[in-house]
Amino acid sequence: MAGVKLDGISKVYEGGVVAVKDVNLEVADKEFVVLVGPSGCGKTTMLRMIAGLEEISGGDIYIGENRVNDVSPKDRDIAMVFQNYALYPHMTVYENMAFGLKLRKFPKPEIDARVKDAAEILGITDYLQRKPKALSGGQRQRVALGRAIVRKPKVFLFDEPLSNLDAKMRVQMRAEISKLHQRLGATMIYVTHDQVEGMTMGDRIVVMKDGKVQQIDTPLNLYNHPVNKFVAGFIGSPAMNFFEGQLTGNGKVYFDDPAAGLRFEMPSSLPSCLNTLSGKRIYLGIRPEHIFVQEFFHGQLDATAKLKVDISEPMGSEVYLYFGSSASQIVARVTAEVDPRPGSELTMYFDTTHAHFFDKENELSLLYKNSAGLN
């Protein structure tokens, strides 16, 4: 296996369209790194540049110690798993998995051993003589994984491999790929638009927007210490609530958002830097799980508001409550004991000890704007 290093890589298409801009990233040997971001952010383009399927406009790519800018895809010793499986319909599962090895003139006994070993790992031994049309989506994806495994490449690249599967199968395949990473001890780079996949699978996550890296960090650090408003809103489900307002002094630190009708007293445990920002326009961010129905919260109450329930979504163990209009909607994730009807009014407590603050002008975190990982 080997690590991957991207040194200032960029991709500019004809007409000056910038898909990837000056990205620096080091993926360690045996690390599982996930690239996440909305559609069009450049994550798949970056993966294709690593694979050699897309020419780079600037910078250098290293796989192990070798600079591979001018190395053809077949000689980079990587294996790529695609969203659409890319299986040959006229070949059996065995033939699909063996095809790449046959092209490289591997001896038949070694091909047979590698295919059968991979099939055993993935639980598809019983399907080796079937053709892809006789398989489910999950089984086809296992075959695609098997075709990559038999190569024993230095690096595995995954381009949204679970997008075509149903919700239950996606959860199962996430676990299977994570187990596969642990078993093979392989270097893996995985692209997805689904932040839940990134949070559950990656050793580190690269969050991208408009071709630029926003933050590179572990899943928990991204969740707890986002460096800007975009990362804070992208990571977490349901998404973080944002309120626009300003900090006011008078001996205490308050947050006012007249549009939402909210006024919070900030806890004294907050960093002193906020005391110097009186009158500054900012965004306040609070995650849905840090908003509680008052009667079910037993801690100290210092920020409450009466809100009318717009939509209630029972999720089994918890309930998602939506307040206000779509333009200024507030979402709370509360205990299943709460079962309000739409239109009912609840007193909600906002736990400001978990609040995030972002500069309105540049949207950088006021508490963590010096965090590592901002590119």
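What this report covers is the structure whose coordinates are included nearby. Here the structure is a predicted model, which is why all the values come from computation and not from measurement.

Conventions adopted
Residues numbered from 1 in each chain as written. Predicted model: local features only at pLDDT ≥ 70, side-chain atom pairs only at ≥ 80, totals over all residues. Heavy atoms only, no water. Phe/Tyr/Trp six-rings, centres within 6.5 Å; stacked < 30°, edge-to-face > 60°. Helix = DSSP H or I, 4+ residues; strand = E, 2+ residues; numbered from the N terminus. Buried < 20%, exposed > 50% of the residue type's maximum accessible area, 1.4 Å probe, protein only. Lys NZ or Arg CZ within 6 Å of the ring centre and 35° of its normal. Axes fitted to C-alpha atoms, helices over the stretch in contact; angles between N-to-C directions. Parallel < 35°, antiparallel > 145°, perpendicular 65-115°, else oblique. Left-handed = near helix turned anticlockwise from the far one by under 90°. Contact = heavy atoms within 4.5 Å. Nonpolar A, V, L, I, M, F, W, Y, C, P; charged D, E, K, R; others polar.

## Considerations on the packing of aromatic side chains
Right, so step 1: Summed over the entire model, instances satisfying the criterion amount to eight aromatic pairs.
Right, so step 2: A ring pair is formed by Y88 and F99, whose centres lie 5.1 Å apart and whose planes are at 65°; its orientation type is edge-to-face. Of the two residues, Y88 is situated in the loop between strand 6 (78-81) and helix 2 (93-103) and F99 in helix 2; the sequence distance between them amounts to eleven residues.
Right, so step 3: Judged by relative accessible area, which is 34%, Y88 ranks as partly exposed.
Right, so step 4: Between the aromatic rings of F242 and F358, the centroid separation amounts to 6.0 Å while the plane-to-plane angle is 65°, which identifies the pairing as edge-to-face. Of this pair, F242 sits in strand 11 (residues 241-248) while F358 sits in strand 20 (residues 356-359), placing them 116 residues apart in sequence.
Right, so step 5: Look at F242 and you get partly exposed, because its relative accessible area is 26%.
Right, so step 6: The class for F358 is buried, based on a relative accessible area of 0%.
Right, so step 7: Put simply, the rings of F32, F156, F158 and Y190 touch in pairs and so form one group of aromatic residues.
Right, so step 8: Sitting above the plane of the F242 ring, K229 keeps its charged end 4.6 Å from the centroid.
Right, so step 9: Directly above the aromatic system of Y283 lies the positively charged group of K229, at a separation of 4.7 Å from the ring centroid.

## Brief notes about the packing of helix 4 (residues 137-149) against helix 5 (residues 167-184)
Right, so step 1: Look at helix 4 against helix 5: their axes get within 11 Å of each other, and the N-to-C directions meet at 20°. Of the possible angle classes, the one that applies to helix 4 and helix 5 is roughly parallel. Helix 5 is crossed by helix 4, and the crossing has right-handed handedness. Contact with helix 4, carried on its side by G138, Q141, R142, L145 and I149, involves M169, Q172, M173, E176, I177, L180 and L184 of helix 5 and no other residues of that element.
Right, so step 2: Of the residues contributing to the contact of helix 4 with helix 5, the split by class is seven nonpolar, three polar and two charged.

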